[in-house]
Amino acid sequence: MKTVHKLGLALAVVLMALGGVTTAQAATKSKDLPLYTTYVRTKRAMTIGAKEKTKTGYQTIHIKKNKLLAVSSIDTRGKAPNFKEYATFTLGDVHYAQTQKVKYSQKYIRFNTTNFKYIKTLRAPIRTQVLRQGKGFVMSPGWTNQPTYSGALVVTLDNYIQTYSKARMTQIDDHWMNATADDAFAKLKPTDTVKISKLTKSGSTYKIDYKTPLKGFADWKLGKHHYRLTIKTLGQQNQNYTPVDDTYDTAASWTNFTLNAKPYFAGSAEWGLD
């Protein structure tokens with residue numbers, strides 16, 4: 001009995017060791033993230049090739065664990081069937097003053113579940129959308145593929161509201177305003193900017209509170225140093241625009257909103273289809 005006990009104990013130790021190895025291997029095994037991923041959260045501290053301008057020059061930005069990042073590009077490397085994904089990242093659609101201080105170099109990082117958590121949707125998807133005044137794309141008189149310019153508003157990932165007047169928007173050489181918040185808008189100085197103190201989402205409605213009024217905007221003043229922007233998400237629309245030759249030249253789609261009861265929309269259009 002004593003000998004059997006020793007053998008059983010030895011066998012148990014071996015099995016535990018093998019189990020430990022198997023568990024360790026499973027823990028270290030990771031999977032590549034989907035190629036359509038737009039945003040991730042870091043699972044460890046890292047650098048992404050971003051530097052911020054300071055009084056003494058550009059300094060490397062050290063990214064902390066659980067930081068939200070935007071995927072800039074994805075590169076597939078290796079040979080079949082052992083392909084591996086690598087990606088580059090940015091801070092995403094942050095406010096104008098911050099974007100002017102940051103520059104990026106392409107640093108590819110393994111795009112897997114060891115390094116990043118896949119983000120299916122933002123907690124507040126209203127962030128980074130370019131909300132434009134109006135009920136949808138409107139054609140300019142005499143033109144079949146150019147709508148009129150209008151003012152716009154963007155809520156950034158780092159919790160700022162940025163507004164753009166109609167005059168400011170004409171500085172973007174894109175009448176369709178297909179530019180997203182992280183390209184042309186990154187270079188366009190806002191008409192006004194305020195820091196958000198609180199953002200809440202209930203169903204399809206967002207309530208955004210801030211301390212100072214927006215210039216040229218119909219704020220709802222709730223108290224001293226307390227202003228609110230209420231954004232309600234309405235339905236989606238699609239429309240084809242027909243030029244003189246009766247073939248569809250432009251297709252547009254957008255989502256309608258109200259900002260403090262005034263009509264806004266966010267979407268894109270593709271022209272030159274004929």
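Thresholds applied
- Sequence order as written defines the numbering, with residues in each chain counted from 1.
- Confidence filtering applies because this is a predicted model: local features only for residues at pLDDT of at least 70, side-chain atom pairs given and counted only at 80 or more, and all residues used for totals across whole chains, interfaces and linings.
- Side-chain metrics in this entry use all non-hydrogen atoms of the structure; hydrogen atoms and water are not considered.
- The helix and strand labels rest on DSSP assignments: H or I over at least four residues marks a helix, E over at least two residues marks a strand, and numbering proceeds from the N terminus.
- Think of it in three bands: with a 1.4 Å probe and only protein chains considered, a residue is buried below 20% of the maximum accessible area for its type, exposed above 50%, and partly exposed in between.
- In what follows, a contact means two residues having at least one pair of non-hydrogen atoms within 4.5 Å.
- Each accessible area is a Shrake-Rupley estimate made with a 1.4 Å probe; only the visible protein chains count as cover when residues are assessed.
- By the criterion applied in these results, polar contacts are pairs of N or O atoms within 3.5 Å in which, for protein atoms, one can donate a hydrogen and the other can accept it, and in which residues neighboring in sequence qualify only through two side-chain atoms.
- Residue-level confidence of the predictor is what pLDDT reports, using numbers from 0 through 100.
- Grid spacing is 1 Å over the protein atoms alone, the probe is 1.4 Å, and a cavity is where that probe fits but cannot get out, while a pocket is an open set with protein on both sides within 12 Å along at least five of seven lines and lining residues have an atom within 4 Å of a point.
- Grid points are joined across faces, edges and corners, and a volume is the space filled by probe spheres set on the points.
- One bridge is not enough; two strands pair if DSSP finds at least two bridges between them.
- To obtain an axis, a line is fitted to C-alpha atoms, over the contacting stretch when the element is a helix, and the angle between two such axes runs from 0 to 180 degrees between their N-to-C directions.
- Any carboxyl oxygen of Asp or Glu that lies within 4 Å of a side-chain nitrogen of Lys or Arg is treated as forming a salt bridge with it.
- Here is the rule: rings of Phe, Tyr and Trp (six-membered ring for Trp) pair when centre to centre is within 6.5 Å. Planes less than 30 degrees apart are stacked, more than 60 are edge-to-face, and the remainder are tilted.

This paragraph deals with the overall build of the chain. A count of helices and strands for the chain gives 4 helices and 17 strands. Out of the 274 residues belonging to the chain, those deemed buried represent 38%. Sequence separation of at least 24 residues holds for 56% of the intrachain contacts in the chain that already meet a minimum separation of 6. Carbon and sulfur atoms provide 54% of the accessible area of the chain, an area that totals close to 16,500 Å².

Glancing now at the side chain of T37. With respect to the helices, strands and loops of the structure, T37 is situated in the loop between α1 (2-28) and β1 (39-42). Side-chain polar atoms of T37 contact the backbone oxygen of P34, separated by 2.6 Å. Ignoring any residue separated from it by four or fewer positions in sequence, one finds T37 in contact with V71, F111 and Y118.

Right, let's talk about the confidence of the model for the chain for a bit. Per-residue confidence for the chain gives a mean pLDDT of 82; residues scoring 70 or more make up 76%. Note that pLDDT drops below 50 for residues 1-27; the model gives that stretch 0 contacts with residues more than four away or on any other chain.

A volume near 500 Å³ is recorded for the largest pocket. As for the largest pocket, its lining consists of 21 residues, of which R41, K67, L68, L157 and D158 are closest to the centre.

Let us now look at the sheet that holds strand β6 (residues 102-104). If you trace the 3 strands from one edge of the open sheet to the other, you get β3-β2-β6, paired in antiparallel fashion. In this open sheet, the two strands that pair with only one neighbour each are β3 (57-60) and β6. Across the sheet, the axes of successive neighbouring strands diverge by a mean angle of 35 degrees, strand direction being ignored. As judged from the 3 bridges shared by strand β2 (residues 50-54) and β6, these two strands associate in the antiparallel manner. Within β6, the residue paired with E52 across the bridge is V102.

Turning next to the pattern of salt bridges. Here the structure, examined in full by the defined rule, presents 4 salt bridges. We note a salt bridge from K101 to E52, for which the minimum N-O separation is 3.5 Å. Taken together, the positions of K101 in the loop between α2 (96-99) and β6 and E52 in strand β2 put the pair 49 residues apart, joining distant regions of the chain. Close ionic contact of R77 with D75 constitutes a salt bridge, the shortest N to O distance being 2.9 Å. We classify D75 as partly exposed; its relative accessible area is 26%.

This part covers the packing of aromatic side chains. Summed over the entire model, instances satisfying the criterion amount to 6 aromatic pairs. Ring plane angle 15 degrees and centroid distance 6.4 Å describe the contact between Y210 and Y227, whose orientation is recorded as stacked. Of the two residues, Y210 is situated in strand β13 (residues 205-210) and Y227 in strand β15 (residues 226-241); the sequence distance between them amounts to 17 residues. Neither residue differs from the other here; Y210 and Y227 are each classed as buried. Aromatic pair W254 and F265: ring centres 6.3 Å apart, planes at 65 degrees, arrangement edge-to-face. Residue W254 is found in strand β16 (residues 250-259), and its partner F265 is found in strand β17 (residues 262-271); the two are separated by 11 residues along the sequence. Residue class for F265 comes out buried when judged on its relative accessible area of 3%. Put simply, the rings of F89, F111 and F116 pair up and form one aromatic cluster.

Before going further, it helps to examine the environment of T163. As for its position among the elements, T163 is in strand β11 (residues 160-164). The class for T163 is buried, based on a relative accessible area of 6%. Note: C-alpha distance between T163 and G151 (12 residues apart in sequence) is 7.7 Å. Contact partners of T163, with chain neighbours within four places excluded, come to A152, L153, P190, T191, D192 and L214.

What follows deals with the sheet that holds strand β4 (residues 68-77). Taken in spatial order, the 5 strands make up an open sheet running β7-β5-β4-β1-β8, and their pairing is antiparallel. Two strands close off the open sheet at either side, each with one partner strand: β7 (109-110) and β8 (116-119). Alignment of β1 against β4, held across 3 bridges, turns out to be antiparallel. The residue bridging R41 from the neighbouring strand is L68, located in β4.

Right, let's get into the pairing of strand β10 (residues 152-155). Side chains A152 and V154 of β10 all project onto a buried face; the interleaved residues L153 and V155 project onto the opposite face, where all are buried too. Of the pairings in the sheet, the one linking strand β9 (residues 131-133) to β10 comprises 2 bridges and is antiparallel in character. Each residue of the ladder has a partner; that of R132, found in β10, is A152. Hairpin connection between β10 and β11: a loop of 4 residues separates the two successive antiparallel strands, and N159 in this loop has a positive phi of roughly 65 degrees.

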